[in-house]
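# Tertiary structure, described
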Amino acid sequence: MCAHSVSSPLPAAPARPLRDALERLEAAFDRWFGAHANPLRHLGALGFFLFWIVVASGVYVYALYDTSVAGAYASVQGLSQNQPWAGGLMRSLHRYASDAFVLVVVLHIACELVRGRYTGFRWFTWVSGVPLLWLALGSGVIGFWLVWDDVAQFSAAATLEWLDALGLFGEPLARNVLTADSVDDRFFSLLAFLHIGLPLLLLLGMWVHIQRLSRPDTQPQRTLGWGTLAALVVLSLAAPVVSQAPADLARAPQVLALDWFYLAPHVLMYETSAATLWIVAAAVTLLLAACPALPHAPRAAVAVVDPANCNGCSRCFADCPYGAITMDAHPDARVGARMAVVAPELCAGCGICAGACPSATPFRSIRELASGIDMPQLTIGALRERLRSELARLRGATRVVVFGCDHGADVRGLQDGNTAAMSLLCAGQLPPAFVEYALRRGADGVLVVACAEDGCAFRQGERWTEERLRGQREPYLRERVPARAWRLVKAGRQDAGRVREELASLRAGLRAGTHDRGAMHA
Amino acid sequence: MPKPLALAGQAVLYALFAATIGWFSFHPRYQHLAPDQALLKLSFSHPGQLREACRTRSAEELAKLPPNMRQPLDCPRERSPVTVELTLDGAVVARDVVPPTGVARDGPSTLYARFAVPAGEHRLAVRINDSVREPGFIYTREEAVQLAPGRILVVDFDPGKGGILFQ
């Protein structure tokens, strides 16, 4: 006997063991931080947060910066020496938050790669993130030059020598930092302009990067934000950033305390060659940009709107995690009537829209249940038919229907004589009325298994499912459905054991309170 | 997980996060130049002399030209490459023929090269030829230089400022 599952698999994950390891790590972090404040689940939001710390601290530092050859070094070092609790702290925070930004961005890329979230409908979000790496590194590297110390001198020469290796410039750019006479005040004005302009471009790019997401996660939960800020402040106070020796173009710095988050490419260049660094940089960029073209699972079928059953309520429009649905005039030409329209290139095929549709209730008396918006690979009508046939099959004292998610804990192994396990495209595909329907049609209990908290493969499925079942979001599960007859579990793929425990616990509760069930069976 | 234990776990992970940032922000140290080395930078941006000498146009040639283009001298645009040789204690460190830039090869010849050399006293010789019409080296400078560890000695070339410059 097998459980029902007709959805497409996840996009091809490059390394299943890595993905398992990541999910175990996320689960461990959940225990310490809670899912909402788990940094591994909110790396993008953390990146935005760090960006704003860098901006805020940078405004203070820039206000006191002297854009001149003679004053640049002294003005920055003066922040640390003359006002350690204000300027010094801001300077350190600016540096460490920038470093943390790189770390978080690299982790963000690595995690999304491991999760396989770079193909199909996600291609635009992925590809638009690639140029951000160059902008982030460019912004940071130029920031080091502004300090005009040993590291600045080293980085400026290294960067300009690297650019010269392209052979595109008539006069070598490195001649701009050849001797003390080569550097003038206008050089520092240019650097300040670039150090402000590139981050502005980066911000624009970050905005583009999240355009295909509705309700993008750009603000970390409060405790995560405060925790991160506190860690950076403590670090800034414990190890304040100070300048190294002033730049001297007649003297080469021999041993350097480099910031490896931004300046590691310089070392690669001097240990190999400028050409090697160009090859590595180009290869990394192209490989990242080409990720969406890597072999992957066929794209899931997209949502389809049935005008005859769409009443223009906009719930699917409100719940779509990828902004794939817009509302347009209804073709039946009733004045003011609207209808959902799906943009196929944006649709993830998750079915969350079908779960939001009021016409997806299984209590409708029409022979073939049709929803206003539906998934061709698992229609609401087919789901009702399967539920009916499973309910007819169930025997035993506590008959339980389990609705699972293809991307969360695997529920198919729960199928047995008194348990019907049905795996959906996403838990968010389940119209809440199906819970009541299952109970009225013979089930004693219903277990809904969604992805781990904040771990939905389609961003918001587990959240919408919970809110709908708890009566906080339309369509509601009716209040008359007894709470002890159903249960929601949020469980990742590693949590199959916990799902079994919850199922056993639900059964035990059902055995202990049979009077509630009677009302539902009526 | 009990709250105190979860808070302790958070504290440890935030500390690890801060320690990672703090460490890689300054460590490990990078030895860019060995303690007993100095740096020689050979760089110039110099337009070589015209590859071919200017020629005086005859009266007949001038008459064929439009009145506004009757320049007495006909000067081809292409410039000579600049040949440079740098020796240290008699050993050739660099020898290059630097072509003029530009599509018409009428721009300056530009060069930027860096060499790590042992610190100490050396005999530095630089020879330059910026005209294919003259054999051998036109500009030469040779002298003893004292290179302290970490010193950067820039060798530039600007005939307007005295030819080969040691800075």
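Residues numbered from 1 in each chain as written. Chains lettered and ligands numbered in written order. Predicted model: local features only at pLDDT ≥ 70, side-chain atom pairs only at ≥ 80, totals over all residues. Heavy atoms only, no water.

The residue after Glu474(A), namely Pro475(A), is reached through a cis peptide bond having omega -5°. Topologically, Pro475(A) is positioned in the loop between helix H15 (461-469) and strand S10 (486-490). In this structure, Pro28(B) follows His27(B) across a cis peptide bond, with omega equal to -10°. Looking at where Pro28(B) falls in the secondary structure, it is placed in the loop between helix H1 (3-24) and strand S1 (30-31). Backbone geometry at Ser314(A) places phi at a positive 80°, although glycine is not the residue there. Inspection of the secondary structure puts Ser314(A) in the loop between strand S3 (304-305) and helix H11 (315-319). The backbone phi angle of Arg459(A) is positive, close to 75°, even though this residue is not glycine. Structurally, Arg459(A) can be placed in the loop between strand S9 (445-450) and H15. (Helix = DSSP H or I, 4+ residues; strand = E, 2+ residues; numbered from the N terminus.)

With that settled, the discussion passes to the interface of chain B and chain A. The interface of chain B with chain A comprises 42 residues on the first partner and 44 residues on the second. Of the roughly 3,700 Å² buried between chain B and chain A, counting both surfaces, carbon and sulfur atoms make up 66%. If you look at where chain B meets chain A, you find 2 salt bridges. A salt bridge links Arg175(A) to Asp156(B), with the shortest nitrogen-to-oxygen separation between them at 3.4 Å. Elements represented by at least two residues in the side of chain B that touches chain A include exactly H1, S1, strand S2 (37-46), strand S7 (109-118) and strand S10 (152-158) of chain B. Each residue belonging to the side of chain B that touches chain A can be placed in one class, and the counts come to 22 nonpolar, 15 polar and 5 charged. Sheet topology places strand S2 (residues 255-256) of chain A next to S1(B); 2 bridges connect them, and they run antiparallel. Bridge pairing links Val255(A) to Gln31(B) in S1(B). (Contact = heavy atoms within 4.5 Å. Buried area = accessible area lost by both parts, 1.4 Å probe. Salt bridge = Lys/Arg side-chain N within 4 Å of Asp/Glu carboxyl O. Nonpolar A, V, L, I, M, F, W, Y, C, P; charged D, E, K, R; others polar. Pairing = 2+ DSSP bridges.)

To continue, consider H15(A). Residue and element names in this part refer to chain A. The element H15 is extensively covered by neighbouring structure, given that 7 of its 9 residues are classed as buried. Of all the positions in H15, only Gly-461, Glu-462, Trp-464, Thr-465, Glu-467, Arg-468 and Leu-469 are classed as buried. In the core, the buried residues of H15 are packed alongside H11, helix H12 (352-356), helix H14 (433-440), S9 and S10. Gly-471 lies just past H15 and shows a positive phi near 75°. (Buried < 20%, exposed > 50% of the residue type's maximum accessible area, 1.4 Å probe, protein only.)

What follows covers the nonpolar core. Inside soluble globular proteins, nonpolar side chains tend to come together where they are buried. Counting residues in hydrophobic clusters, the biggest one holds 87 residues, and the most contacted among them are Trp148(A) and Leu232(A). Among residues more than four places away in sequence, those in contact with Leu232(A) are Leu50(A), Ile53(A), Leu93(A), Tyr96(A), Ala97(A), Ala100(A) and Phe17(B). Formed by 62 residues, the second largest nonpolar core is a distinct cluster that contains Val342(A), Leu378(A), Cys451(A) and Leu469(A). (Core = buried A, V, L, I, M, F, W, Y, C linked by side-chain atoms within 4.5 Å.)

When the pLDDT values of chain B are averaged, the result is 92; 99% of them are 70 or greater. Taken together, the chains of this predicted complex give a pTM of 0.90 and an interface ipTM of 0.90. (pLDDT = per-residue confidence, 0-100.)

Aromatic ring pairs: the centre-centre distance and the angle between the two ring planes describe each pair. Overall, the coordinates contain 21 aromatic pairs over all chains when judged by the stated rule. An aromatic cluster is present here, built from Phe29(A), Trp32(A), Phe33(A) and Tyr14(B) joined pairwise through their rings. Positioned above the aromatic ring of Phe26(B) is the side chain of Arg95(A), whose terminal nitrogen or guanidinium carbon lies 4.5 Å from the ring centre. Sitting over the ring of Phe166(B), Arg141(B) keeps its end group 4.3 Å from the ring centre. (Phe/Tyr/Trp six-rings, centres within 6.5 Å; stacked < 30°, edge-to-face > 60°. Lys NZ or Arg CZ within 6 Å of the ring centre and 35° of its normal.)

Attention now goes to the environment of Ser80(A). Residue and element names in this part refer to chain A. With respect to the helices and strands, Ser-80 occurs in helix H3 (residues 72-82). The buried category is assigned to Ser-80, whose relative accessible area is 13%. In sequence terms Ser-80 and Gln-244 are 164 residues apart; their C-alpha atoms lie 12 Å from each other. In this structure Ser-80 touches Gly-88, Arg-91, Val-241 and Val-242, once residues within four positions along its chain are discounted.

Residue and element names in this part refer to chain B. A complete count under the given rule lists 1 disulfide over all chains for this structure. Between Cys-54 and Cys-75 runs a disulfide, and the two sulfur atoms are separated by 2.0 Å. Between Cys-54 and Cys-75, the S-S dihedral sits near 115°, and the bridge is therefore right-handed. Of this pair, Cys-54 sits in the loop between S2 and strand S3 (55-56) while Cys-75 sits in the loop between strand S4 (73-74) and strand S5 (82-88), and the two are 21 residues apart along the sequence. (Disulfide = S-S within 2.5 Å.)

Right, let's talk about the layout of surface pockets for a bit. A probe matching the size of a water molecule, rolled over the atoms, marks out where space remains unfilled. Residues and elements named next belong to chain A. Looking at the second largest pocket, its volume works out to about 1,200 Å³. If you go around the second largest pocket, you meet 42 residues; those closest to its centre are Trp-134, Leu-137, Gly-138, Trp-162 and Pro-265. Listing elements by their share of the lining of the second largest pocket, those giving two or more residues are helix H4 (84-115), helix H5 (123-147), helix H6 (150-164), helix H7 (185-209), helix H9 (260-271) and helix H10 (274-290). The biggest single contributor to the lining of the second largest pocket is H5, with 11 residues. Classifying every residue of the lining of the second largest pocket gives 37 nonpolar, 5 polar and no charged. (1 Å grid on protein atoms, 1.4 Å probe; cavity = no way out; pocket = protein on both sides within 12 Å on 5 of 7 lines; lining within 4 Å. Points joined across faces, edges and corners; volume = space filled by probe spheres on them.)

All names here are of chain B. With mixed pairing, the 4 strands of this open sheet are ordered in space as S7-S2-S10-S11. Two strands lie at the open edges of the sheet, namely S7 and strand S11 (163-166), each paired on one side alone. Within the sheet, the average angular offset between the axes of one strand and its neighbour, ignoring direction, is 15°. One ladder, built from 4 bridges, connects S2 with S10; its direction is parallel. Of the residues in S10, the one forming a bridge with Leu-42 is Val-155. (Axes fitted to C-alpha atoms, helices over the stretch in contact; angles between N-to-C directions.)

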